[in-house]
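Geometric and topological summary
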Amino acid sequence: MSFGETPITVIGNLTADPEIKFTDSGQALAKFTVASTPRTFDKDSGQWKDGTSTFFRCAAWRSLAEHVGESLTKGSRVVLSGRIRQHNWQTEQGENRSMLAVEVDDIGASLRFTTVAISAKTGDKPDASGDPWATGAGIAKPPF
């Protein structure tokens, strides 16, 4: 993350299946929208009530984009972290437009209401050399 960027964490549900595209250079791009809806408990009625949903347009790139396309579908509850980006453009009529979007750095299924099976993709693992937690080297049991 660079200085001056606006980090964000979003918890919500995908509103549709991710849309996967490839750039001319072969870079994968996943576009999707996450709806985040606050819930509060109404003591008088004894029921949960939904607040106003906020919709976040999101983009993930490269292998993350491919993993999103293979793993997530409409309704998937996710936790994502990324950076807010502003996109500016001009319509054919010459009107200036802008929108905010989230450039996703990491995303995963929320385990609050579901379980998942995790499988590592070959070639996508970061270099774990020198990281005893990644390899278990030199650790008989966790220190906690």
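For the structure itself, look to the data block above.
Residues numbered from 1 in each chain as written. Predicted model: local features only at pLDDT ≥ 70, side-chain atom pairs only at ≥ 80, totals over all residues. Heavy atoms only, no water.

**A word on the pairing of strand 3 (residues 28-36)**
Along strand 3, 7 of the 9 residues are buried, which leaves the element largely enclosed by surrounding structure. In this sheet, strand 3 lies alongside strand 1 (residues 6-14) in antiparallel orientation, the contact comprising 2 bridges. Counted as the bridge partner of Leu14 is Val34 from strand 3. Hairpin connection from strand 2 (residues 19-22) to strand 3: 5 residues lie between these consecutive antiparallel strands, with Gly26 at a positive phi of about 95°. Summarising the sheet, strand 3 and strand 6 (residues 54-61) pair through 8 bridges and their orientation is antiparallel. What sits directly across from Leu29, in strand 6, is Trp61. (Buried < 20%, exposed > 50% of the residue type's maximum accessible area, 1.4 Å probe, protein only. Helix = DSSP H or I, 4+ residues; strand = E, 2+ residues; numbered from the N terminus. Pairing = 2+ DSSP bridges.)

**Topic: the packing of aromatic side chains**
In this structure the tally under the stated criterion is 1 aromatic pair. Centre to centre, the rings of Phe41 and Trp48 are 5.4 Å apart; their planes meet at 65°, and the pair counts as edge-to-face. (Phe/Tyr/Trp six-rings, centres within 6.5 Å; stacked < 30°, edge-to-face > 60°.)

**Details of the pattern of salt bridges**
A full pass over the atoms with the stated rule returns 9 salt bridges. The residue Asp42 makes a salt bridge to Lys49 at a minimum N-O spacing of 3.8 Å. Residue class for Asp42 comes out partly exposed when judged on its relative accessible area of 22%. Across the pair Arg97 and Glu95 runs a salt bridge whose closest N-O atoms are separated by 3.0 Å. (Salt bridge = Lys/Arg side-chain N within 4 Å of Asp/Glu carboxyl O.)

**Details of the side chain of Thr33**
Of note, Thr33 is situated in strand 3. Residue classification places Thr33 among the buried residues on the basis of a relative accessible area of 17%. At 3.2 Å, the side chain of Thr33 forms a polar contact with the side chain of Arg57. If we skip the residues at most four places from it in the chain, Thr33 touches Asn13, Leu14, Thr15, Phe55, Phe56 and Arg57. (Polar contact = N/O pair within 3.5 Å; in protein donor to acceptor, adjacent residues only side chain to side chain. Contact = heavy atoms within 4.5 Å.)

**Brief notes about the environment of Ile11**
Tracing the sequence through the fold places Ile11 in strand 1. Expressed as a C-alpha distance, the spacing of Ile11 and Gly108, which sit 97 residues apart in the sequence, is 9.9 Å. Setting aside residues no more than four positions away along its own chain, Ile11 makes contact with Ser36, Arg77, Val78 and Val79.

**What about the layout of surface pockets?**
Of the voids in this model, the second largest pocket is the one considered here, and its volume is about 300 Å³. Around the second largest pocket, the lining is made up of 13 residues, and of these Thr37, Arg39, Arg77, Arg112 and Phe113 lie nearest the centre. Those elements that provide at least two residues to the lining of the second largest pocket are strand 1, strand 3 and strand 5 (47-50). The biggest single contributor to the lining of the second largest pocket is strand 1, with 3 residues. Tallied by class, the residues present in the lining of the second largest pocket amount to 5 nonpolar, 4 polar and 4 charged. (1 Å grid on protein atoms, 1.4 Å probe; cavity = no way out; pocket = protein on both sides within 12 Å on 5 of 7 lines; lining within 4 Å. Points joined across faces, edges and corners; volume = space filled by probe spheres on them. Nonpolar A, V, L, I, M, F, W, Y, C, P; charged D, E, K, R; others polar.)

**Remarks on the pairing of strand 4 (residues 39-42)**
Regular strands have side chains that alternate between both faces of the sheet. Judged from the 4 bridges that link them, strand 4 and strand 5 form a sheet pairing that is antiparallel. Each bridged residue has a counterpart across the sheet, and for Arg39 the counterpart in strand 5 is Asp50. Where strand 4 folds back on strand 5, the antiparallel hairpin that results is connected by 4 residues, among which Gly46 adopts a positive phi of roughly 75°.

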